[in-house]
Every structure is written in C-alpha cells, then in structure tokens.
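So the chains spell out like this:
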Amino acid sequence: MSKAILYDATMCIGCKQCEGACAQQNQLPYDDAIAAEPVQSAHKYTVVLNKNDKFMRRLCMHCEKPACASVCPVGALHKTAAGPVVYDVWKCIGCRYCMVACVFNQPKYEWGALNPRIRKCVMCPDRVAAGKQTACAEICPTGATKFGERDDLIREAKDRIQQNPSNYQPHIYGVNEVGGTSVLIISAANVEDYGYPASARIGEIPLPEYTGRVMDRIPDFVPVWTLVLGGIYWISHRRDEVAEAEALHKNGGGQ
Amino acid sequence: MKFKLTFWRVVFIVIMALGLYSSFVRYFRGLGAVSNMTDQFPWGLWIGFDCLCGVMLAAGGFCMVGAVYLFNVERLHPVVRPAVLTAFLGYLLFIVGLLFDLGRPWFIWHQMIYRNLHSVMFEVGMCVMFYTTVLFFEFLPNVFERLKWKTPITWINKIYPILIVAGILLSTLHQSSLGSLYLIMPSKLHPFWYTPALPFFFFGSAVAVGLAMTIFESTQSAKAFGRQLELPVLVTLGGALLVALWVNLLLRFEDFFHRGILGMIFKPSYEAYFLWLELTLTFVVPIGILSFKKARLSPQWLYLASISAVLGFITNRLNIAVIGFETYVGKHYVPKWTEFSITLMIIAMGFALFGLAVQYLPIFESETKHELEEPEGVAVMPGVLSHAGD
C-alpha cells in the first residue's frame, strides 16, 4: 500500500501554513516576502495560489510511474514503495532532464549555486517512514490537505464529491493522470486555471512508456544491427578478395 | 616561425577572450548568471546547439567510414580522414560543451557507476563515450604515420573491421536516441515536432547532414589550405545528398499526414514560421538546386546546397529544443550573450584544432603520399598550411 496526499481545494482557507511548515521541514527560509511569491522555486516546494478567493495548492504530484525518475541517467530520483519520489543529491550530475521531462514542471533548480541541486517536494520521506504525516498535512487547520493510504483517500474523495456534487468538479485529478499520482486533487475550480496541465492533454499513459517502447528494443537491435553491418562488411570485402583472386588466376593462366 | 596577425586570428583571439570571461562567470557565478535558462526553460542553447547540433554535424565521420569501408565506395576514400578528424574533434568538443551545461560536471563519471538503464540520456552518454573512443582509434593511424611507427598501424589495421562496425552501430544508436530524448514529452513539445518517429528522423537527418557537412568541409578546406578540389568526390556526395533529402522529405510529410496535421502546417502561426524556415532551408532550396544536373556538377552549387541543408537541419534541432516548447511554457527563451560566447569559443577551438591537425598530421592523403615518397616533403607543408590557424 502506498501513501498519498488528498488536497480538497474547497476546504482550503489560504492560510499558507502548509508553505511555512514545508519550509521548516526542509530547512528553507520563509518570511512574508517568500509567502507572497506566487510561484514554486528552489526555495519554495509548495505554493498556495489564489484566484478570486478560490485557492489551489501546487506541489510535486509523486507520480506512480514518474517521468523524472525514468529519465535520470544516474537514478538520482526514484519512487519509493511508500509513495514519495525522492532525490539523492550525491548521484545527480545536473543534466536537468528531469525538469524537462516532468509534465507538472515540478523539479526546480538552484540556478545561483555553484554546485546546484534539484529541489522539489519529496513528501517528507523520513516522516512517512516513521509513520507520521507530511508536515503540510499535519499543520493544515481545516483538513484541506490530508495524508493517508492512496486507496482510502480516493474513496473519501469520491464520497465527498457524491455528497456535495454542486461543490465540486466531477473529477479527482491524479487518479489516472499519467498513470496515476500520489497527490490527489478535488476542487470547485478548474485545476488548469492554476497551471495544472489538462487531464485530456496529458492522458492516462504513464510517460515512461513513451520512451520504453524504443528503449526496450535496443537489446534486440544491437545484435541484429551488428550482424547486418558485419555481413555487409564481409560481403563487400569478400567481393574484392574474389576479384583479386580471379585476376591473379587469369594472369597466371595467360602466361 | 613569425606570428602574423591576420583578420581571422584577431577574430579568434577576441572569441577566445570573451569565451574565457564567460567561462569564469559560468564556474564562479553559476548557471543562472551565465545563461537565460530558468526553471521554465531548463535546457537552452547549449543543449539545443552544442549537443543536438554538434553530434549531428559530426555525423560525416560514420557516414564516410560506412560508405568507404562498409560499402566499398572507393571514390570517397580521400574524404574519410578529414571526416573522421571532424567527427573526433566534434565529439571531444561536445563533451567540453557538456562540462559547461551540466550543473555538477565534476560528477559526470557517475553515469558509469549509477546506471539507469531506462534513461535515454544514459544510453546517449554511454554511446558517446564509447564512440569517442572508437573515433580515437580511427584517428590514431594519422599520428602513427606521422611518427613513422609501422607496428602499431598494423595493430590498428587488424582491429579496423571491429572499429568500423562498432562505430556505425554506436552512431546509429545515439544519433537516433538524441531524438528519443524528447519522446517522453508528448504534451510539452509542439505537435509539429513531437512524433513517435523522432528517433528515425534524428538518424535520417544525421545521414543527410553527414553528407552535406562532408561537401561543405571539403570545399572549405580546399579554399583554406589551397588544395585541389576533388570534384568526383563532391559529385558523388551531391547525388547521395539529393537522395537522402528526398527520403527525409517524404518521411517527414508522411508523418505529418499520418498524424493528421498536414492542414495545420500551412496555417500561419508562430511555430509555422519556424517550420517553414526549416523546411525551406532543409528541403526546398537544396533539392531545388540539386535537381539540376548542371548544379550537381558545379562545386559552387554543391557548396550552396550543402550549406542550406546543414542550416535547415540546425533549424530543425533548435525548433525541437527551443521553439517547440515556447507555447507550452508561455515564455520566449533567447540565449544570453555569454551563452553564445561559450558556444562560439567551442566552435573556434574546433576550427583551430582542425587547422593544427591538418598542419601536423597526414589528414589529406594526397599530401601524405607526397611526404612518404620524398622525406624532404615536410618542407612543403608550412607553405601550404600557413593559413592553418585562420
């Protein structure tokens, strides 16, 4: 069973305590100026956005089949069995392929640093391993951010939508998007209005499958192509050898 | 030898000086200070040009090796050595470029120990590493001949079939895989350029560019080093280029048609302008020129057609790396001058190293034979190659 976060935008009051708790948990600076920044960055893993007093949180979605982890040449990012997608800074070489590949644009970079790191929400893996909630879920005063088992949370989200269909969009964002994510979102507003990619656009196929279709063929391709190339080489040089031998033979016969 | 300050040497010095300044900014102020890359645009000019285009422009090496040693096209023999040299330098400089672009270049060796077999980037990295090694061995005979070491040459000759097959295999893999890098972004990259066929197109265009670059390079070095132009060579390459361009063109439009966007590419839009520029330079101009028999036999027209094709495919790579993402990101990316200056510095290093190699090594075989026949032939070299640093 894997853990997940359910964010119910209709319950969010925009207090931004999750931002503060996240900063504290990850030892990042947090003050009024940073609280006012409306974007995620290397020093702000989660942000509460406000549009006409309707709130929306953004954070790493912790995909079930994360593109970032599949593209990383050194495996610096990986999905843990418990749910979080975590980052091992020691392995990282700084190619930033994870940033380009992520459909939610979650990995951020320390552009000013001389030994820069990828920065993103890692779903408090130490806390999760210790059986605790994430920092953002623990501090949330209204329960808008809730931590728990993914299956339980999906059931609960369905219930909430069913009981109050007029309050919600009829869709749980994250159940099937790009093969499912460990962050689930239900809201009154359209998630796309807050920068989330539209469900129809990103589809339900896990992104690593798009490259897998090609990468899986390489083990077959290598021996076959080697044989073909070697064969061509052999044939074209054999032809030369034969021509040479025939020429020799002819000359020999003529004398 | 007295050092003369020619126009091109001044240009070279200015480029190197600016490049060194930018390198200082890169390593002592960070990627953010030296480039216009941001969290929205994590890959910029260095990936788009230095890496994607650099590797493509070095494709002449495997194309010529394949043509001459695999398919026995003896006529092309004179261009194999310069093509292998260009490829070898190209890959070395590609690695130099990576050292600028990677955020933590001092850990580049990590990919040899922390292997992620699912990563296209891992595959490209390993192929480039092995192929650069293959190119090094293909290049070595030049050095051995210069030093007149007979035994090592026979060793290399013994493993040459392996080098040839391995070189072409590795090239096939990583040229196409550079396209596979983008397969994971179906919703980010604009539909003009996102297609499941990206790896095929990257390989197909590498072959075309390999031919075009060899024409360009032969003409250019004939001018620079005062050598005889090998017209039969150019004509053969021109014919092959025409075929390669037609194949690329037909596959490209078949793909547009197959994905149902054939109508969309003719409607004016920001992306469409760049696509038109790309298609004009890649296909319309060079195919137009090469369709005339007279042009196929003229060095000037062949030169022009090859330049157009090369520029067209460069536009293609930049469209994929930059333009194709702008709508999704909602922002434009224009490289900072320091980014350009590092790219220019790397290119200038390439030209200088090519010049030096030609000056000291038997790259052009006509000169080689001359030199081997009469040991005093070395004296001829400085006269021919006084432009080498240009």
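Fair warning: this is a prediction, and the values are worked out from it, not measured in the lab. (Residues numbered from 1 in each chain as written. Chains lettered and ligands numbered in written order. Predicted model: local features only at pLDDT ≥ 70, side-chain atom pairs only at ≥ 80, totals over all residues.)

The next thing to look at is the overall build of chain A. Looking only at helices and strands, one finds 10 helices and nine strands in chain A. If you line up chain A on its principal axes, its C-alpha atoms span 105 × 45 × 35 Å. Looking at the 255 residues of chain A, the share that counts as buried comes to 43%. Partitioning the contacts of chain A with sequence separation of at least 6, the portion at a separation of at least 24 is 63%. (Helix = DSSP H or I, 4+ residues; strand = E, 2+ residues; numbered from the N terminus. Buried ≥ 20, exposed ≤ 12 C-beta atoms within 10 Å, placed from the backbone. Contact = placed C-beta atoms within 7 Å.)

Counting its regular elements, chain B contains 16 helices and zero strands. Taken against the 2.2 N^0.38 rule, which gives 21 Å for 390 residues, the C-alpha radius of gyration of chain B at 21 Å falls within 12% of a compact globule. The principal-axis extent of the C-alpha atoms belonging to chain B is close to 65 × 55 × 45 Å. Across the 390 residues of chain B, 45% fall into the buried class. Considering only contacts in chain B between residues 6 or more positions apart, those separated by 24 or more positions represent 79%. (Rg over C-alpha atoms; globule rule 2.2 N^0.38 Å.)

Turning to the interface of chain A and chain B, a few remarks are in order. Across the contact, 47 residues belong to chain A and 39 residues belong to chain B. Looking at the side of chain A that touches chain B, the elements that each hand over two or more residues are α3 (67–71), α4 (97–101), β6 (108–109), α8 (199–202), α9 (208–215) and α10 (218–254) of chain A. Along the lines of polarity and charge, the residues of the side of chain A that touches chain B split into 31 nonpolar, 11 polar and five charged. (Nonpolar A, V, L, I, M, F, W, Y, C, P; charged D, E, K, R; others polar.)

Along the chain, the position of Leu135(B) falls in helix α7 (residues 120–147). Sequence separation between Leu135(B) and Gly61(B) is 74 residues; the distance between their C-alpha atoms is 8.4 Å.

A few words on the pairing of strand β3 (residues 54–58) of chain A. Residue and element names in this part refer to chain A. Here β3 lies mainly inside the structure; four of its five residues are buried. Here five bridges tie strand β2 (residues 47–51) to β3, and the two strands are oriented antiparallel to one another. Paired with Asn-50 across the strands is Phe-55, a residue of β3. The hairpin turn running from β2 into β3, its antiparallel successor, is two residues long, and Asn-52 in that turn takes a positive phi close to 50°. (Pairing = 2+ DSSP bridges.)

Here the focus is the domain arrangement of chain A. Domain parsing of chain A yields domain 1 (3–208) and domain 2 (217–254). A straight line from the C-alpha centre of domain 1 of chain A to that of domain 2 of chain A covers 59 Å. (Domains from an automatic or database assignment.)

All names here are of chain A. If you trace the three strands from one edge of the open sheet to the other, you get β8-β1-β9, paired in mixed fashion. For this open sheet the edge positions go to β8 (145–149) and β9 (183–186), each flanked by a neighbour on one side alone. Averaged over all pairs of adjacent strands, the angle between their axes in this sheet comes to 25°, without regard to strand direction. Of the strand pairs in this sheet, strand β1 (residues 3–8) and β9 are connected by four bridges, and their pairing is parallel. (Axes fitted to C-alpha atoms, helices over the stretch in contact; angles between N-to-C directions.)

All names here are of chain B. The contact between helix α3 (residues 45–57) and helix α5 (residues 77–101) brings their axes to 9 Å, and the two run at 165°. It follows from the interaxial angle that α3 and α5 lie roughly antiparallel. For the pair α3 and α5, the crossing hand works out as left-handed. Contact residues: Trp-46, Ile-47, Asp-50, Cys-51, Gly-54, Val-55 and Leu-57 in α3; Gly-90, Leu-93, Phe-94, Gly-97, Leu-98, Phe-100 and Asp-101 in α5. Tallied by class, the residues present in the contact of α3 with α5 amount to nine nonpolar, three polar and two charged. (Parallel < 35°, antiparallel > 145°, perpendicular 65-115°, else oblique. Left-handed = near helix turned anticlockwise from the far one by under 90°.)

This part takes up unusual backbone geometry. All names here are of chain A. For Lys-16, which is not glycine, the phi dihedral falls at a positive 65°. Residue classification places Lys-16 among the partly exposed residues on the basis of 19 C-beta atoms within 10 Å. Positive phi, close to 60°, is recorded for Met-123, a residue that is not glycine. Among the structural elements, Met-123 can be located in the loop between β7 (118–119) and α5 (125–129).

Before going further, it helps to spend a moment on the environment of Trp246(B). Within the secondary structure, Trp246(B) sits in helix α10 (residues 231–258). Taking the C-alpha atoms as reference, Trp246(B) lies 9.8 Å from Ala208(B); in sequence the two are 38 residues apart.

Residues and elements named next belong to chain A. Position of Leu-184 relative to the elements: it lies in strand β9. Classification of Leu-184 by C-beta neighbours within 10 Å gives buried; the count is 23. Sequence spacing of Leu-184 and Arg-150 is 34 residues, and the spatial spacing of their C-alpha atoms is 8.5 Å.

Residues and elements named next belong to chain B. With 93% of its residues at a pLDDT of at least 70, chain B reaches an overall mean of 89. Per-element confidence in chain B is highest for helix α11 (residues 270–290), whose mean pLDDT is 96, and lowest for helix α16 (residues 380–385), whose mean pLDDT is 36. For this predicted complex, the interface confidence reaches an ipTM of 0.89, while the overall pTM sits at 0.90. (pLDDT = per-residue confidence, 0-100.)

Moving on, we get to helix α4 (residues 60–70) of chain B. Residues and elements named next belong to chain B. With 10 of 11 residues buried, α4 lies mostly within the body of the structure. Residues Gly-60, Gly-61, Phe-62, Cys-63, Met-64, Val-65, Gly-66, Ala-67, Tyr-69 and Leu-70 constitute the buried set of α4. The first or second residue beyond α4 is Asn-72, which carries a positive phi of 60°.

Let's shift gears to the packing of α4(B) against helix α9 (residues 198–224) of chain B. Residues and elements named next belong to chain B. Their axes nearest at 8 Å, the elements α4 and α9 cross at an angle of 90°. Relative to α9, the element α4 lies roughly perpendicular. Along its contact with α4, which presents Gly-60, Phe-62, Cys-63 and Met-64, the element α9 presents Val-207, Gly-210, Leu-211, Met-213, Thr-214 and Glu-217. The residue makeup of the contact of α4 with α9, split by class, is six nonpolar, three polar and one charged.

Looking at chain A, pLDDT values average 93 and 98% of them are 70 or higher. Of all helices and strands in chain A, the one with the weakest mean pLDDT is α10(A) (85), whereas β9(A) scores best (97).

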